[in-house]
Structures are given as structure tokens and as C-alpha cells.
Amino acid sequence: MHSEMRIPVLLLARELGQGGSERQLAEIAKALDRSRFAVHVGCFRPQGFRNTELSNEGIPIVHLPVHSFRSFSALRGAWQLGQYIRRHGIRLVHTFDTPMNCFAVPAAWVFRAPVVLSSQRASRRLSNRSEQFVLRVTDHLVDAIVVNCEAMRRHMMEDEGVRGERLRTCYNGLDTSRFRPLPMQRPAALEGASLVIGVVCALRPEKGLPTLVEAFANVVSGDRPDLRSGLRLAIVGSGPMLETLQGMSVALGIQDRCHFEPSTADVTAWLSAMDIFVLPSLSEALSNSLMEAMACGRAVVASAVGGNPELVTDGITGLLFQPGNSSELADRLESLIVDENLRTRFGAEASDHVRRNFSLEASVHRMEEIYDELLGRRLAIIGHPANGEKAV
């Protein structure tokens, strides 16, 4: 299809590095039907490995150099965004994270983008008061809010008072050709480990990682020598909790059993090194890292919050525990450590569950449905091009 006949869409996130929202933006941007959509991406911080991924796919990236919402750079960035929308005839603007919801939704509304979508991919309780206020304003400026699980849909309706007809659910999707069961291979940092418990995530407070460190310490300090020998903990990721977690490992006397690896694009290699994957979040929507671990056939243990129970059926595709309860988590870990057959069964069920229900293809198809619905509705309302613009 000729480029002029494609629908220009602009997807926005704060940055293009580590993080679930950034990953979902990149995956959607790369997989949208190029015969129908001319995809553009915008961000505040263009550095990061997602930038390379998108550039290699020929997707244009607009850098909006906003350093603070309270500085002149915000006004300059809003003007730049508005001009970009007009110059490229952008018909749909979709923001993927809280900073862009707060910044780009009002700007796109002021500059009369035909369709504006925001995303809510985590509890708003994680945002500060000023962000929550702005987000509630943007709820009235957008055509719809995309949520990534039913738990987030309930949160928006019950806690934020958003009407159900303004919400659209699109589950995160996973490239199951990349995330799939692979033979176990330990990196040099874990050489000699008999069994590895691990997590791959951003090291933020809401991830509840102290619960994991405490539970691991409980297991290795217990009265079961068979559970202690060769047991290692791998925490893969970067973030503000790193020093706290390292300090805990020293205080608990397990520092020699813990390995901290900075965030990496080579996630599958680290997942393949783990026997048990743990996501101990205190707050969660639909976790990309949990999906990835399940797709890779890891036995998973997750806290029973947010969208985790939508991924993990307790006793079938993994195990659940109450958030913050390190003793319960330790019990779950012990049951898996001593039973290799149970780990294998959970891993196989988890991989099959993700492959059948959370594929990237299904996610992209759903997002295209949302875009088509709202673009079609907008065209039906205006009936003809406005301000001399071409119709969708």
C-alpha cells in the first residue's frame, strides 16, 4: 500500500530502555501492520537498546527534549510535539506510560490530534499526588484508556471512577519465538550452583524484592542441609533498590550465595540459567518478566497481586503467595527445591499457557482492533476532513 494511504500513528514513552512499558511500545511498534499503519515513536530520552531495535526496523523516532515539566523545556517540547503531529498528519497518538500520559495527552489534545489514547499499566497509587491529579484530568481528554489486564481495569473503575466504556483491555504480548524453553546453561557467575532461584526486573520498591531476599535466607539457614548445598540467588536488573538488597544480603550472611547482575537485553540467557523464578511484587499489573519466565519454561512463584493470578493458576502453572510474606514464600520455594518433577511440570504448563493466551500476535491484533475502532468512530463523527487535513 502506498505510504500516503497508511494511517500515521505516534506511540510515546518516556525513554527507550529497560522497562515493561518501553518493551510493549517497541513490540507493538515493530509488529503493527505496516501496510496499514505508518508508525512513529516519540520519547524524552532516546538513549537505550529499544532505540536501536526501532531504528533497525526503519521506524522514525522523535526526541522531545523535556527535562522537567516545570521548566521551559516542557513548553518547547509540547510545541515540538504539536508541530510533529501536524507535519506528519498523525491521526492517532498513544501514550504508554505515566510521564507521557501527563505530558503528551494534553499536548495532543491542544493540537487536535484526531484520536488520543493513554495507557494505565500500573496502579496509580505508585504515582505521586501531582501525577495522580494530572492523570485524572487526562482521563477526560482521551478517547480511551488502554489497560493491560482485568485487575487494572477493576482498579480504574473502582478506585479512579472511570466508566467501563472508556477502557480497552489489551493484554501484554510476548514473542514466543524468542522466549521459549531452552536447555539450561549457567553463566560463569553462577558456575557450580546446584539450583538457582532468580528474578529479572527493575529494582524498584513496588517489586517487593526484600521479601525474596528474606525468604532465600530462611531457606538456606533452615535445618535442611539438602536445601542449602549449592543454592544460589540471582537478581538481574538495575534500579534504586540495588544497594538496599546488597546490604540485606550482607546483613543476613548470604552475600556469597547472591549474584547481582545489571539489567541486560539478553534476558533469555539469564532466565535459562534459573530453576525457579520468583516475582514478589507488592503491586503489579500484568508482568512482562513473569510472562517471559513462564514462556521460557521456568517454574514460577509469584505474589497474589494485580494481574499475577491472571497469569499463574496456583498449583497448575506455578505457585502463589501473599505479598510481603517471606515465610510463606520460603515454604513455596522449599516445595519446589525438593521436587524436580514438580518444577518440570509447572514449567511445561506455564510455557504452554503463555504460548496459547499471551502471544505477541494476539496482543498486536487486539491493539489494531482498538485503533481501528477509535479511528473509525472519529471519522464517523467528523464526516469529512477538518482544517484542510486529509481524512483518515
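That block above? That's the structure.
Everything quoted here is computed from the prediction, not taken from an experiment. (Residues numbered from 1 in each chain as written. Predicted model: local features only at pLDDT ≥ 70, side-chain atom pairs only at ≥ 80, totals over all residues. Heavy atoms only, no water.)

### Here's the deal with the pairing of strand β9 (residues 231–236)
The two faces of the sheet receive side chains in turn, since in a regular strand these alternate between them. A large share of β9 lies buried, amounting to 6 of its 6 residues. Of the two faces of β9, the one holding Leu231, Leu233 and Ile235 and the one holding Arg232, Ala234 and Val236 are both buried throughout. What joins β9 to strand β10 (residues 258–261) is helix α9 (residues 242–251), and the crossover it makes is right-handed. (Buried < 20%, exposed > 50% of the residue type's maximum accessible area, 1.4 Å probe, protein only. Helix = DSSP H or I, 4+ residues; strand = E, 2+ residues; numbered from the N terminus. Right-handed = clockwise from strand over helix to strand, strands pointing away.)

### Notes on unusual backbone geometry
Backbone geometry at arginine 112 places phi at a positive 60°, although glycine is not the residue there. Secondary-structure assignment places arginine 112 in the loop between α4 (98–110) and β5 (115–120).

### Points about the pattern of salt bridges
As a working rule, side chains carrying opposite charge can pair if their charged atoms are close by. One pass over the structure, following the stated rule, counts 20 salt bridges. Residues arginine 136 and glutamate 160 are paired through a salt bridge, measuring 2.7 Å at the closest nitrogen-oxygen approach. Here glutamate 160 lies in the loop between α6 (150–158) and β7 (167–169) and arginine 136 lies in helix α5 (residues 129–138), a separation of 24 residues in the sequence. Look at glutamate 160 and you get buried, because its relative accessible area is 16%. For the salt bridge of arginine 186 with aspartate 275, the shortest nitrogen-to-oxygen distance reads 3.0 Å. Of this pair, arginine 186 sits in the loop between β7 and β8 (195–200) while aspartate 275 sits in the loop between α10 (267–271) and β11 (276–279), and the two are 89 residues apart along the sequence. Judged by relative accessible area, which is 23%, arginine 186 ranks as partly exposed. (Salt bridge = Lys/Arg side-chain N within 4 Å of Asp/Glu carboxyl O.)

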